[in-house]
Amino acid sequence: MSQSAEYSSNDLLNAIAAASRTLGERKDEINRLNVFPVPDGDTGTNMSLTLESVVGNLAKLPIGATPADTRKAITNGALMGARGNSGVITSQILRGLCEGSVGYDGLSTEALAAAFAKSQEVAFQAVRKPVEGTILTVLRDSAQAAKAAAKKKLSLEEALQEIVGAAYASVQRTPELLPVLKENGVVDAGGFGLAILFDAFSAALLGRDGQLADEMLMVRAGVAPKVEIEQINDWEGSAYRYCNEFLVDSDTLDKEEALQFLSTMGDCELCVGEAPKFKVHVHSNTPDQVLKYFLERGQISEVFIHNMQLQSQERTEAIAKDQEPKEIGFVAVAAGEGNANILRSLGVDEVVSGGQTMNPSTKDLLDAVGKVNARAVIILPNNKNIIMAANSAAEMADIPCAVVPTTSVPEAFAALFNFDAAAGLDENVEAMTEAYEEVRTGEVTFAIKDSKDAHGGPIKAGDVIGIADGSIEAVGSSVEDVVMGVLDALEAEDADILTILAGIDFSDDELAALAEAIEERFEDLEVEAKRGDQPLYPIVLSVE
């Protein structure tokens, strides 16, 4: 068979446009596969945006543009439009394909082999620490298929078929190479996106309807594109919160030095392109320092800084909406990121920000109930001033809704520990109410004006005060002394478990010292010290 076929420049451009359109149509499928703890945007969306930029750049070419002009438009369009880690790597895959095809007259099996070999080289060079089981693995396996096709002198059509088949086969193997994929029962999102890209391009170029992939093979392998993903409610991410990406115009930038600098700022660092155009990507907690470095070496543009924690929360909410509703969901009120994270880990679906000084409205609670993907909802108000609004929201809800009238976050913990998924709404409300009523709560804060304690003793503005079950029982000058007074008032010596929630201004060292002091005084008390990060109250505690 002939190894080459006659395809016009317009055929190639149309095939690229078709691949871009298919990625856009299937981006949500790809996004759903993104199970990494730090979702760097959405993989499918980022890859789709990269291809859209390529197509936009190609559309600007004049009729009769040379192959060199076309390659430049693809390379520049991908670089300029790359979004996120997956988008930047995709841009380098496309750059390599373009560079590897130089010197070949038209599209042939040999040209494909050379293009894929160069693509593998460029993409792997762009990533400082390549990881197996990702888009790079799929690219390498595709390149090997292209090389084998050239060696066997297959026709161009057969070579494309081999490359697409190898890409999907590689995608199927990714769970065996990357544990996080196997744990979640999915394939790699970037690798799947790349296989779709190759598939859609080939199908369009060869004039075939649909795609070349054996979808049933994917299903039989247990890696069908449409999968159910476990909802992840807690932010476990990398140590870095912000995804930073931007373009740099510079004639003097040293890529290796830039990458070395980026590695000190965070992770997932990329610096790709050639003078004078570079694309930079890094996860970092200090975007200002990253930008300052490159501003000193050139001009920057197209700056995107994404908060990956918020992206994670948004993705969790989107996944929850697509899942089968559970029987009973939860809405809880809390102030402080630590408290919210603990509540989510105990099964709360929606945490409404609020507390003693910021009471959410009935509408706030009703809106939260509406976001829960459940057939019934229990509201935990966690403050006596919020119970009335919670009751109103429960009455107005479109689904069965009830209130367990907790007056503190620790009471909510106890209630949630006694939730029974096999029981009904009324049974759970009764059991959870009984559970939280066994909890005694203490709070430590600062007096804002002169007053008197529960026993008529004087309180001066600025004093540390301790509240036990709503009554001011301790006054002092240090948090530790007042905590001890509150514990005495709560009869901690007769309790089994003490939970301490540290406020946002109470340091980890202070928390550790306090827990140690309590353990020395109450030898039989099991102390659980956690970060609540609530404002105004250095310590919230409970005994059971």
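Everything below is about the structure printed above this text.
Everything in this summary refers to the structure shown in the same document. Throughout, a residue's number is its position along its own chain's written sequence, starting from 1. Reporting of local features is limited, given that this is a predicted model, to residues whose pLDDT is at least 70; pairs of side-chain atoms are given and counted only at 80 or more, and all residues count toward the totals for whole chains, interfaces and linings. Values reported for side chains reflect all heavy atoms of the structure, with hydrogen atoms and water molecules removed beforehand.

Take the side chain of N244 next. Runs of E in the DSSP output that reach at least two residues are strands. Runs of H or I that reach at least four are helices, and both are numbered from the N terminus. Within the fold, N244 resides in strand β1 (residues 242-249). The cut-offs for exposure are 20% and 50% of the maximum accessible area for each residue type, with area from a 1.4 Å probe on protein chains only; residues under the lower value are buried, those over the upper are exposed, and the others partly exposed. Overall, N244 belongs to the buried group, its relative accessible area being 2%. Nitrogen and oxygen atoms within 3.5 Å of one another constitute a polar contact, given that in protein one can donate a hydrogen and the other can accept it, and given that sequence-neighbouring residues count only through two side-chain atoms. Within the structure, the side chain of N244 is placed 3.2 Å from the backbone oxygen of Y242, a separation counted as a polar contact. Once residues lying within four places of it in the same chain are set aside, the contact partners of N244 are V280, H281, V282, H283, S284, P287, F304 and I305. Contacts were defined at the residue level, with two residues in contact if any of their heavy atoms lie within 4.5 Å.

Quick look at the sheet that holds strand β8 (residues 401-403) now. Note on pairing: DSSP must find at least two bridges between two strands before they are called paired. Ordered in space as β6-β5-β7-β8, the four strands form an open sheet in which the pairing is parallel. Whereas interior strands pair on both sides, the edge strands pair on one side only; in this sheet they are β6 (350-353) and β8. Taken over all neighbouring pairs, the strand axes of this sheet differ in orientation by 20° on average, direction set aside. Note: strand β5 (residues 326-334) against β6, four bridges, orientation parallel. Within the sheet, the bridge partner assigned to V333 lies in β6 and is V352. Here an axis means a line fitted to C-alpha atoms, over the contact stretch when the element is a helix, while the angle between two N-to-C directions is reported on a 0 to 180 degree scale.

In an α-helix, one turn spans 3.6 residues; hence positions three or four apart end up facing the same way. The span expected for a helix works out to 1.5 Å for each residue beyond the first. Here helix α3 (residues 67-81) is 15 residues long and its end C-alpha atoms lie 21 Å apart, about the 21 Å a rise of 1.5 Å per residue gives. Every buried residue of α3 is listed here: T70, A73, I74, G77, A78, L79 and G81. Buried residues belonging to α3 abut α1 (9-32), α2 (43-59), α4 (84-100), β1, β2 (266-274) and β3 (277-284).

For the pair helix α6 (residues 135-151) and helix α7 (residues 156-177), the least separation of the axes is 8 Å and the interaxial angle reads 145°. By crossing handedness, the relation of α6 to α7 is classed as right-handed. Counting all contacts with α6, which are made through T137, V138, D141, S142, A145, A146 and A149, the residues of α7 involved are A159, E162, I163, A166, A167, S170, V171, R173, T174 and L177. Any residue that is not Ala, Val, Leu, Ile, Met, Phe, Trp, Tyr, Cys, Pro, Asp, Glu, Lys or Arg is counted as polar, Gly included; the first ten are nonpolar and the last four charged. In terms of residue class, the contact of α6 with α7 is made up of ten nonpolar, four polar and three charged. For any helix crossing, the convention is left-handed if the near helix is rotated counterclockwise from the far helix by under a right angle, and right-handed if that rotation is clockwise.

For the rest of this paragraph, the subject is the packing of aromatic side chains. Aromatic contacts are taken between Phe, Tyr and Trp rings whose centres are within 6.5 Å, Trp giving its six-membered ring; a plane angle under 30 degrees counts as stacked, one over 60 as edge-to-face, and the others as tilted. Under the criterion given, the structure shown has six aromatic pairs. A ring pair is formed by F116 and F198, whose centres lie 5.3 Å apart and whose planes are at 70°; its orientation type is edge-to-face. Of this pair, F116 sits in helix α5 (residues 109-126) while F198 sits in helix α9 (residues 189-205); the two residues are 82 residues apart in sequence, bridging distant segments of the chain. Like F198, F116 is buried. Members of the aromatic cluster, joined through ring pairs, are F246, F261, Y293 and F294. Taking NZ or CZ as reference, R297 lies 3.6 Å from the ring centre of Y293, over its face. Two thresholds decide whether a charge sits over a ring: the Lys NZ or Arg CZ must be within 6 Å of the ring centre and within 35 degrees of the ring normal.

Whenever a pair of cysteine sulfur atoms sits within 2.5 Å, that pair is classed as a disulfide. Counted by the stated rule, this structure contains zero disulfides. This cysteine, C243, is not joined by any disulfide, and C268 carries the nearest cysteine sulfur, 8.3 Å off.

A word on the pairing of strand β12 (residues 464-468). In summary, the side chains of a regular strand alternate between the two faces of the sheet. By the criterion of burial, β12 is predominantly enclosed, with five of the five residues buried. Side-chain alternation along β12 places V464, G466 and A468 on one buried face and I465 and I467 on a second face that is also buried. Across five bridges, strand β9 (residues 440-446) lies against β12 in antiparallel orientation. Bridging from a neighbouring strand, V444 pairs with G466 of β12. Bridging between β12 and strand β13 (residues 471-476) involves five bridges; their strand directions are antiparallel. Residue pairing in the sheet places I465 in a bridge with V475 of β13. What sits between the antiparallel neighbours β12 and β13 is a turn of two residues, in which D469 has the positive phi angle 50°.

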